Amino acid sequence: MTTYRIALIPGDGIGPDVTAAAWSVLEKVADKTGFTLEGEEFPWSCAFYKETGTMMPADGIETLCGFDAILLGAVGWPAEVPDSVSLHGLLLPIRKSFVQYANIRPHRLLPGVKGPLRSDGFDILCIRENTEGEYSGAGGRVHQGTADEVAVETSIFTRTGVERILRFAFEQARARRGKLASVTKSNAQKYSMVFWDEITRKLAGEYADVEVTSYHIDAMAARMVMAPESLDVVVASNLFGDILTDLGAAIQGGLGFAASANINPDRSAPSMFEPVHGSAPDIAHLGIANPIAAIWSGAMMLEHLGEKAAAGAIIAAIERTTADGIGTVPGKDRTEAITAAILAQL
Ligand code: GGG
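Residues numbered from 1 in each chain as written. Predicted model: local features only at pLDDT ≥ 70, side-chain atom pairs only at ≥ 80, totals over all residues. Heavy atoms only, no water.

Peer 1: Can you help me understand the overall build of the protein chain in this one?
Peer 2: Within the protein chain one finds 11 helices and 12 strands. Relative to the 2.2 N^0.38 estimate, which gives 20 Å for 346 residues, the radius of gyration of the protein chain is 20 Å and therefore close to what a compact globule would have. Burial analysis of the protein chain (346 residues in total) assigns 52% to the buried set. Long-range pairs, those at least 24 residues apart, make up 75% of the contacts in the protein chain between residues at least 6 apart in sequence. Here the protein chain has roughly 14,600 Å² of accessible surface; of this, 53% comes from carbon and sulfur atoms. Here the protein chain contributes 29 positively and 42 negatively charged side chains, and the mean placements of these two sets differ by 6 Å. (Helix = DSSP H or I, 4+ residues; strand = E, 2+ residues; numbered from the N terminus. Rg over C-alpha atoms; globule rule 2.2 N^0.38 Å. Buried < 20%, exposed > 50% of the residue type's maximum accessible area, 1.4 Å probe, protein only. Contact = heavy atoms within 4.5 Å. Areas by Shrake-Rupley, 256 points an atom, 1.4 Å probe, with all protein chains shown as cover. Lys, Arg positive; Asp, Glu negative; His and termini not counted. Charge placed at Lys NZ, Arg CZ, Asp CG, Glu CD.)

Okay, structure coming up:
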């Protein structure tokens with residue numbers, strides 16, 4: 001029987017609740033399908049930072065190397081640790097060290113979920129560049145605290161980085177409905193984004209079967225609200241992708257439904273799966289977090305591991321649960337009740 005070793009990082013706030021929910025569903029589907037999941041939990045979080053002064057131990061990345069995949073809940077507890085510290089101390093080093101350059105985020109309405117838009121016929125796959133761009137962390141501050149203070153933060157776009165994420169997106173479009181929207185702001189950002197557009201045009205020649213259109217980020221934001229059904233695969237830089245996928249989450253009914261996969265396409269290191277949402281301190285420990293985004297992320301993990309039937313079974317169980325009206329309205333059903341309904345469907 002195949003055994004997969006999974007590193008579990010529940011993190012902060014609602015992270016532990018939704019990770020536990022996802023894990024119970026994953027274990028059940030593994031049992032039914034005939035493979036084994038061996039989970040090992042790591043307490044890396046803001047609480048860990050308060051105790052040790054770091055978000056994860058110095059050998060944290062080395063430790064994670066030995067796993068087949070990572071399932072993460074949420075990171076951040078801004079009342080005690082600045083978000084810039086928690087993000088750059090845990091989530092970003094994992095994405096960068098393991099070259100998880102493709103962040104995949106699906107946006108569609110689940111049955112029974114009422115979104116805020118007139119149109120409910122959309123199925124968008126956002127591909128966010130995940131290791132460079134605006135999240136490169138290159139910059140600094142001088143004359144801190146004085147009137148002469150200067151802060152500089154440089155976005156880094158490399159040919160390797162841009163080309164590989166665009167190729168990944170072209171391949172996804174080819175496997176879906178054959179349409180790719182590439183998002184920049186190349187009228188204002190005349191170096192990095194013009195560079196991105198140029199590489200998009202160059203690759204378009206190799207993917208003649210994919211219809212590619214370039215949009216500015218502002219126009220894309222409007223399109224996602226006004227005509228989301230016109231979109232198939234959307235590819236964007238790290239920051240633009242992050243913002244667009246919160247918009248994507250909103251049009252699919254809320255962040256409780258937005259799943260994501262941080263993929264290392266070469267499989268040279270583990271990939272990481274996490275709901276798009278953060279730690280939601282306002283509802284932490286209330287037992288009302290929607291676990292669907294985390295459970296869906298777990299299904300994406302199984303898909304990546306090659307357990308396609310098990311992944312499909314989880315998605316079908318989620319869909320039957322929401323079709324029954326469970327987990328469709330934020331705060332209406334408790335985390336445990338939604339999880340129990342999905343387990344019962346399985
Ligand atoms: N689910 C992981 C999490 O806590 N995400 C919140 C967040 O702020 N992530 C930063 C990012 O993806 O850019």
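Peer 1: Help me understand the packing of aromatic side chains in this model?
Peer 2: For any pair of aromatic rings, the description rests on two quantities: the centre-to-centre distance and the angle between the ring planes. Per the counting criterion, the structure on display carries five aromatic pairs. Summarising the aromatic geometry, the rings of Y4 and F35 are spaced 5.7 Å apart at their centres and angled 75° between planes, so their arrangement reads as edge-to-face. Taken as a pair, Y4 in strand β1 (residues 3-11) and F35 in the loop between α1 (15-33) and β2 (36-41) lie far apart in primary sequence, 31 residues in all. Taking the relative accessible area as the measure of exposure, Y4 reaches 11% and is therefore buried. On the basis of relative accessible area, F35 is assigned to the buried category, the value being 3%. Taking 5.7 Å as the distance between ring centres and 90° as the angle between the ring planes, the aromatic pair formed by F42 and F67 counts as edge-to-face. A residue pair is termed long-range when its members are at least 10 positions apart, and F42 in the loop between β2 and α2 (46-52) and F67 in the loop between α3 (60-64) and β3 (69-74) qualify at 25 residues. Here the two residues F42 and F67 agree in accessibility, since each one is buried. (Phe/Tyr/Trp six-rings, centres within 6.5 Å; stacked < 30°, edge-to-face > 60°.)

Peer 1: Whenever I open this one, the nonpolar core confuses me. Can you help?
Peer 2: Counting 82 residues, the largest nonpolar core has I6 and L302 as the members making the most contacts within it. Tallying contributions element by element places helix α9 (residues 292-305) first for this core, with nine residues. When residues of this core are assigned to domains, at least three fall in each of domain 1 (1-101 + 258-346) and domain 2 (116-251). Not counting residues up to four positions away in its chain, the partners in contact with L302 are L26, V29, F35, L37, E307, K308, A310, A311 and I314. Core analysis: the second largest hydrophobic core is formed by 20 residues, F67, I70, V75 and V81 among them. (Core = buried A, V, L, I, M, F, W, Y, C linked by side-chain atoms within 4.5 Å. Domains from an automatic or database assignment.)

Peer 1: Can you help me understand unusual backbone geometry in this one?
Peer 2: Most peptide bonds adopt trans geometry, and most residues besides glycine take a negative phi value. Phi is positive for A280, close to 45°, though the residue is something other than glycine. Its location among the elements puts A280 in the loop between β12 (271-275) and α9.

Peer 1: Got a minute to help me understand the sheet that holds β12 in this structure?
Peer 2: Hydrogen bonding along the main chain pairs the strands of a sheet, whether they run parallel or antiparallel. Ordered in space as β2-β1-β3-β12-β11-β4-β5-β10-β8-β9, the 10 strands form an open sheet in which the pairing is mixed. The open sheet terminates on both sides in strands that have one partner only, identified here as β2 and β9 (211-216). In this sheet, neighbouring strand axes are inclined to one another by 25° on average, regardless of whether the strands run parallel or antiparallel. Sheet topology note: the strand β8 (residues 179-184)/β9 ladder contains six bridges and is parallel. Its bridge partner lying in β9, S182 is registered against S214. Set on the sheet, helix α6 (residues 192-204) makes contact with β5 (123-129), β8, β9 and β10 (233-236); between it and β8 the angle comes to about 160°. Relative to the sheet, helix α8 (residues 238-251) contacts β4 (102-108), β5, β8 and β10, its axis offset from that of β5 by approximately 155°. (Pairing = 2+ DSSP bridges. Axes fitted to C-alpha atoms, helices over the stretch in contact; angles between N-to-C directions.)

Peer 1: Looking at this structure, how should I read the side chain of R95?
Peer 2: Mapping R95 onto the fold places it in helix α4 (residues 83-97). A polar contact of 3.1 Å, which involves the side chain of R95, links it to the side chain of N262. Not counting chain neighbours up to four residues away, the residues in contact with R95 comprise Q100, N103, R105, R128, N130, T131, N262, M272 and E274. (Polar contact = N/O pair within 3.5 Å; in protein donor to acceptor, adjacent residues only side chain to side chain.)

Peer 1: Looking at this model, I keep getting lost on the environment of I9. Mind explaining?
Peer 2: Among the structural elements, I9 can be located in strand β1. When its relative accessible area of 0% is taken as the criterion, I9 is described as buried. Along the sequence, I9 and L26 sit 17 residues apart, while their C-alpha atoms lie 15 Å from each other. Setting aside chain neighbours within four positions, we find I9 in contact with F42, W44, L64, I70, L71, L72, G73, L90 and I94.

Peer 1: Can you help me understand the site of the ligand in this one?
Peer 2: Neighbouring the ligand are 16 residues, the closest being V75, R128, E274, P275 and H277. At 2.9 Å, a side-chain N or O of R95 approaches an oxygen atom of the ligand. One of the side-chain N or O atoms of E274 is found 2.9 Å from a nitrogen atom in the ligand. Protein coverage of the free-state accessible area of the ligand, which is 370 Å², stands at 85%. Counting residues per element, the ones that place at least two in the shell around the ligand are β3, α4 and β12. Residue composition of the shell around the ligand, by class: eight nonpolar, three polar and five charged. Here the shell around the ligand spans two domains, since at least three of its residues come from each of domain 1 (1-101 + 258-346) and domain 2 (116-251). (Near = heavy atom within 4 Å. Nonpolar A, V, L, I, M, F, W, Y, C, P; charged D, E, K, R; others polar.)

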